[in-house]
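Observations on chain architecture
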Amino acid sequence: MKYDNNRVELLRQMLLSRHFDEKVNDLYAEGKVHGTAHFYVGQESVAVGAIAALKEGDVITSTHRGHGHAIAFGLDVDRMAAELLGQATGYCHGKGGSMHIADVKAGMLGANGIVGGSMGIVCGAAWAFKRRGQDHAALCFFGEGAANEGIFHETLNLAAIWKLPVIFVCENNQYGMSMSVEKATAVENISERAAAYGMPGVTVAGTKLDEVYEATLEALERARAGEGPTLLEAITYRYLGHSKSDANLYRTREEISMWRKRDPIQQFATVLEGEGALEEGEWRKLDAQVKERIEEAFEKAGKEPDPEPESALEDVYA
Amino acid sequence: MPSREITYREAVREAMVGAMREDPDVFLMGEDVGVYGGAFGVSRGMLEEFGEERVVDTPISEAGYVGLCIGAALVGMRPIAELQFSDFITHCMDQLVNQAAKIRYMFGGEGRVPMVVRTPGGAGTGAAAQHSQSLEAWFVHVPGLKVVMPSTPYDAKGLLLSAIDDPNTVIFYEHKLLYNKKGEVPEEPYRIPIGEARVSRGGEDVTVVTAGLMHHYVLEAAEALSSTGVEAEVMDLRTLSPMDDAAIRRSVEKTGRLIVVEEDVKTAGWGAEVVSRVVESESFYALDRAPARVAAADVPIPYNRDLEAYVRPTPEKVVEAVRSLLDVHKGVYA
């Protein structure tokens, strides 16, 4: 398993993700980064819970809201920060920015700026594993908004007929930009759609890391046993706007604060305290350390070199 | 190298079979490519040799399986995706334009998508507007993709082997009316570099740049013109992107006159790109009159045989365009 069941480390991973995105949000507010970004704040337990179930050699694909996936997969926050600031030392050497962070060699096959854009890619990685007789699996994060794209239908069907080792993790954060899931779909749970493809569909409380972890583990066992894909829906919520331009006109303060009360980090910290893995309140210290770590990452990134202008013309072709 | 006469279809198949024998990571995926042998019979017999693990029939899900091929390529496999008709490429625009073409660049060079998308384009078969288009110019417009359009069995085999080897995504345009065309093809594998045009007929009076099926129309026209004393130099581009500017310019500087013959509609076709590259270069001064284009009319392809012929380029229209260029539209220096 990715974090060898080190539960404090799982908490730390969630905190890294939260502080990373909160920092980026602040930098946008201060006008210190350009472009746009989509924040994962509130959804951290999905990425960390699902990725914690993976083994060496497994791969993931991510979304436009991908910082949390990248961090949980083990990408270096220094190089991520550098990419956000457009520096030469960033993961994409300043060419990708927030929506395209990837580490293909490590198995992080990319964030993706297109909704549903990585659903084909994830099947291809799984196809390669199957063809090569490898015991690996491929995990695809996507939002409930992507579940209404045509590619969702095509790829779930392909994965099912070929029994590809894919875990489709639908992060149902309630909104596709401003469109609520109630308005956008006529079924109660996205996971119900799994039946249409002949694969298991499961819905879990995405705010509970352990539920996500257990469900992913089960799906991975099936995948590795050659029994094919699973559609795993994690009910979650994004606290911040869709992107930096969002004025939150489509939802209420009350709704946001209701979800904040179910905060996944708070919940998991309480679980760890209950287990005796952490002293009561000890996680606040961890929180402060992680916050500091993120501050350092961005401070360091700010001193990294800009890419050479001519590099804009490179890497179009291999 | 021993060679023999085979069809364009057989040449394409031979390249795929050769590549699949050489490299276990190469596979073919598409609609009806297995037991059916492909809508145009290109993969006939391949299932028997390679099995359904490597000659993979897909559901009718072009975006899904092209997307899958992109992912497989990203982790090191060498997929060949067949799209039954090039019109269906519209289903895959996100996959090709936003994913395959961009991945390498977006990731700062840390990733590659060595995929080939083979697809028959073009009109002349009475298949009407949704099965007859020539949309290759769209992909010429997308940095990150290469676009190849061979006109002969020899080039088809050599370019397909290069496309499969290429570390980038290559859109490989075949043509329904070329599949039965025969030509000399060596038995052994060989590669033709992507991005190199070929002068298939020498001449002094006019340069005619073309590609794909139109290359044959142009050769036919050139023969007819020759009997009346006009010698056209015919250039088969073979690759549309990257475009072989140097070869085009060399020929134009020799003849001083340029005509482009393309099967796609004229407006914003790749022929416009050929003309632009010449006129914005020093070769402009070698021209003694304005260049011309022969292309399909700016309409969808109609069904009726006569209507279809009316809107498409033909050898006769090429002859007429050359005559018009030489006799009527004399430039100021003529």
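A brief look at the structure comes next. Computed from a prediction, not measured in an experiment: that's the story for all the values here. (Residues numbered from 1 in each chain as written. Chains lettered and ligands numbered in written order. Predicted model: local features only at pLDDT ≥ 70, side-chain atom pairs only at ≥ 80, totals over all residues.)

Residue and element names in this part refer to chain B. Interaxial distance between helix α8 (residues 213–226) and helix α12 (residues 315–328) falls to 8 Å at its minimum, and their mutual angle equals 55°. Taken together, the axes of α8 and α12 lie oblique to each other. The element α8 and its partner α12 pack so that their crossing is right-handed. Across from Tyr217, Val218, Glu220, Ala221, Ala224 and Leu225 in α8, the residues of α12 making contact are Pro315, Val318, Val319 and Val322. Its residues assigned to classes, the contact of α8 with α12 comprises nine nonpolar, no polar and one charged. (Axes fitted to C-alpha atoms, helices over the stretch in contact; angles between N-to-C directions. Helix = DSSP H or I, 4+ residues; strand = E, 2+ residues; numbered from the N terminus. Parallel < 35°, antiparallel > 145°, perpendicular 65-115°, else oblique. Left-handed = near helix turned anticlockwise from the far one by under 90°. Contact = placed C-beta atoms within 7 Å. Nonpolar A, V, L, I, M, F, W, Y, C, P; charged D, E, K, R; others polar.)

Residues and elements named next belong to chain B. Strand order across the open sheet formed by seven strands is β3-β2-β4-β5-β7-β6-β12, with mixed pairing between neighbours. Each edge of the open sheet carries a strand with a single partner, namely β3 (55–57) and β12 (239–241). Ignoring strand direction, the axes of neighbouring strands in this sheet form an average angle of 20°. As defined by bridge partners, strand β6 (residues 145–148) adjoins β12 across two bridges and the pair is classed as antiparallel. By the bridge assignment, Val147 is partnered in β12 with Ser241. Where helix α3 (residues 62–74) meets the sheet, its contacts fall on β2 (26–30), β4 (78–82) and β5 (116–121), and the angle it forms with β4 comes to roughly 165°. (Pairing = 2+ DSSP bridges.)

In this section: unusual backbone geometry. A cis amide bond, omega 0°, links Ser241 of chain B with the succeeding residue Pro242 of chain B. When you line up the elements, Pro242 of chain B lands in the loop between β12 and α9 (245–255). The phi dihedral of His93 of chain A is positive, around 55°, even though this residue is not glycine. Note on placement: His93 of chain A falls in the loop between α4 (77–84) and α5 (119–131). Although it is not a glycine, Lys163 of chain A sits at a positive phi angle of roughly 45°. Within the secondary structure, Lys163 of chain A is located in the loop between α6 (150–161) and β3 (166–172).

Residue and element names in this part refer to chain A. When the terminal C-alpha atoms of helix α1 (residues 7–29) are compared, their 33 Å separation across 23 residues agrees well with the 33 Å that a helix rising 1.5 Å per residue should span. Those residues of α1 that are buried are in contact with α2 (44–52), α3 (67–73), α4, α9 (209–224), α11 (264–275) and α12 (283–302). Gly31 lies just past α1 and shows a positive phi near 75°. (Expected span 1.5 Å × (residues − 1).)

With that settled, the discussion passes to the sheet that holds strand β14 (residues 292–296) of chain B. Residue and element names in this part refer to chain B. Taken in spatial order, the five strands of this open sheet run β9-β11-β10-β13-β14, and their pairing is mixed. The open sheet has two free edges, formed respectively by β9 (198–201) and β14, since each of these has just one partner strand. The average angle at which neighbouring strand axes cross in this sheet is 25°, direction not considered. Bridge analysis of strand β13 (residues 258–265) against β14 gives four bridges, and the strand direction is parallel. Following the sheet pairing, Ile259 is matched in β14 by Ala292. Docked against the sheet, α12 engages β10 (206–210), β11 (232–236), β13 and β14, running at close to 160° with respect to β14.

Functional significance is not addressed by these values, which are geometric in nature.
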